[in-house]
Amino acid sequence: MEEQNNNPLNIELAEEMAEGVYSNLAIITHSDSEFVVDFVRVMPGIPKARVKSRIILTPEHAKRLLIALEDNISGFEAINGKIKLKEVTALPMNFGGPIGQA
């Protein structure tokens, strides 16, 4: 039988971190000892994008993140309906909107 930890973890969230960072692209790479997830914000009509946040995980924590995401997506879909994925063959640089000209 697994012993329960009665000491809850006190997690602090700084105000500037609480605002979050918007990302519409994640690039995932891995080595034999870690997974690296780069969160990027791609803007319409701009061919250059900057990594906004980088998270480095052990393989075990990457697997735990996968399981947690699957669980949360299942809960979301149970309430809101199935999330539809569009087939993406290439990253659209204009997001379907007008192309800027100088």
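Look a little higher up for the structure.
Reading guide: rules and limits
- Residue positions are given per chain, counted from 1 along the sequence in the order it is written.
- Confidence filtering applies because this is a predicted model: local features only for residues at pLDDT of at least 70, side-chain atom pairs given and counted only at 80 or more, and all residues used for totals across whole chains, interfaces and linings.
- Here the side-chain values reflect all heavy atoms present in the structure, with hydrogen atoms and water set aside.
- A cavity here means a set of 1 Å grid points, computed over protein atoms only, where a 1.4 Å probe fits but cannot escape. A pocket is an open set with protein on both sides within 12 Å along at least 5 of 7 lines, and lining residues have an atom within 4 Å of a point.
- Grid points are joined across faces, edges and corners, and a volume is the space filled by probe spheres set on the points.
- Put simply, DSSP marks the helices as runs of H or I at least four residues long and the strands as runs of E at least two long, and each gets a number from the N terminus on.
- The residue classification treats Ala, Val, Leu, Ile, Met, Phe, Trp, Tyr, Cys and Pro as nonpolar and Asp, Glu, Lys and Arg as charged. All others, Gly included, are polar.
- What makes two strands pair is DSSP finding at least two bridges between them.
- Axis lines are fitted to C-alpha atoms, over the contacting stretch for helices. Their N-to-C directions set the angle, which ranges from 0 to 180 degrees.
- Only protein chains enter the accessibility calculation, which uses a 1.4 Å probe; a residue whose area is less than 20% of its type maximum is buried, one above 50% is exposed, and one in between is partly exposed.
- Whenever a nitrogen or oxygen atom comes within 3.5 Å of another N or O atom, the pair is scored as a polar contact, on the condition that within protein one atom can donate a hydrogen and the other can accept it, and that pairs from neighbouring residues in sequence are kept only if both atoms are in side chains.
- A contact between two residues is defined here by any heavy atoms of the two lying within 4.5 Å.
- Put simply, a patch holds well-exposed residues, over 30% relative accessible area, that have no salt bridge, with like charges counted together within 9 Å and Val, Leu, Ile, Met, Phe, Trp or Tyr side chains within 5 Å.
- Every accessible area reported is derived by Shrake-Rupley at a probe size of 1.4 Å, with residue values counting cover from the shown protein chains alone.
- Put simply, a salt bridge is a Lys or Arg side-chain nitrogen that is within 4 Å of an Asp or Glu carboxyl oxygen.

Trainee: Explain the layout of surface pockets to me, using residue names and the numbers behind them.
Mentor: By volume, the largest pocket amounts to about 240 Å³. As for the largest pocket, its lining consists of Ala26, Ile28, Phe35, Val37, Phe39, Ile55, Leu57, Ala62, Leu65, Leu66 and Leu69. Elements represented by at least two residues in the lining of the largest pocket include exactly strand S1 (25–30), strand S2 (35–41), strand S3 (50–57) and helix H2 (59–80). At four residues, the largest contribution of residues to the lining of the largest pocket is made by H2. Considered class by class, the residues forming the lining of the largest pocket number 11 nonpolar, no polar and no charged. Lining the second largest pocket are Ile73, Ile83 and Leu85.

Trainee: Quick one: what's the story with the sheet that holds S2, residue by residue and with numbers?
Mentor: On the basis of which strands lie adjacent, the open sheet formed by three strands has the order S1-S2-S3 and antiparallel pairing. Each edge of the open sheet carries a strand with a single partner, namely S1 and S3. Here the strands of the sheet are splayed against their neighbours by 20° on average, with no regard to which way each runs. By the bridge criterion, six bridges tie S1 to S2 in an arrangement that is antiparallel.

Trainee: Which residues make up the side chain of Asp38, and what values go with them?
Mentor: Tracing the backbone shows Asp38 in strand S2. Judged by its relative accessible area of 10%, Asp38 falls in the buried class. A polar atom in the side chain of Asp38 sits 2.6 Å from the side chain of Arg54. Among residues more than four places away in sequence, those in contact with Asp38 are Leu25, Ala26, Ile27, Val51, Ser53 and Arg54.

Trainee: Provide a residue-level description of a nonpolar patch on the surface, including the pertinent values.
Mentor: A cluster of nonpolar side chains, contributed by Leu65, Leu69, Ile73, Phe76, Ile83 and Leu85, occupies part of the molecular surface with about 580 Å² of accessible area. Note on placement: Leu65 falls in helix H2. Owing to a relative accessible area of 39%, Leu65 belongs among the partly exposed residues under this scheme.

Trainee: Before we move on, could you go through the pattern of salt bridges and cite the residues and values that matter?
Mentor: Counted by the stated rule, this structure contains two salt bridges. For Arg54, the salt bridge identified is with Asp38, shortest N-O distance 2.6 Å. Placement of Arg54 in strand S3 and of Asp38 in strand S2 is noted, with a sequence separation of 16 residues between them. Classification of Arg54 by relative accessible area gives exposed; the value is 53%.

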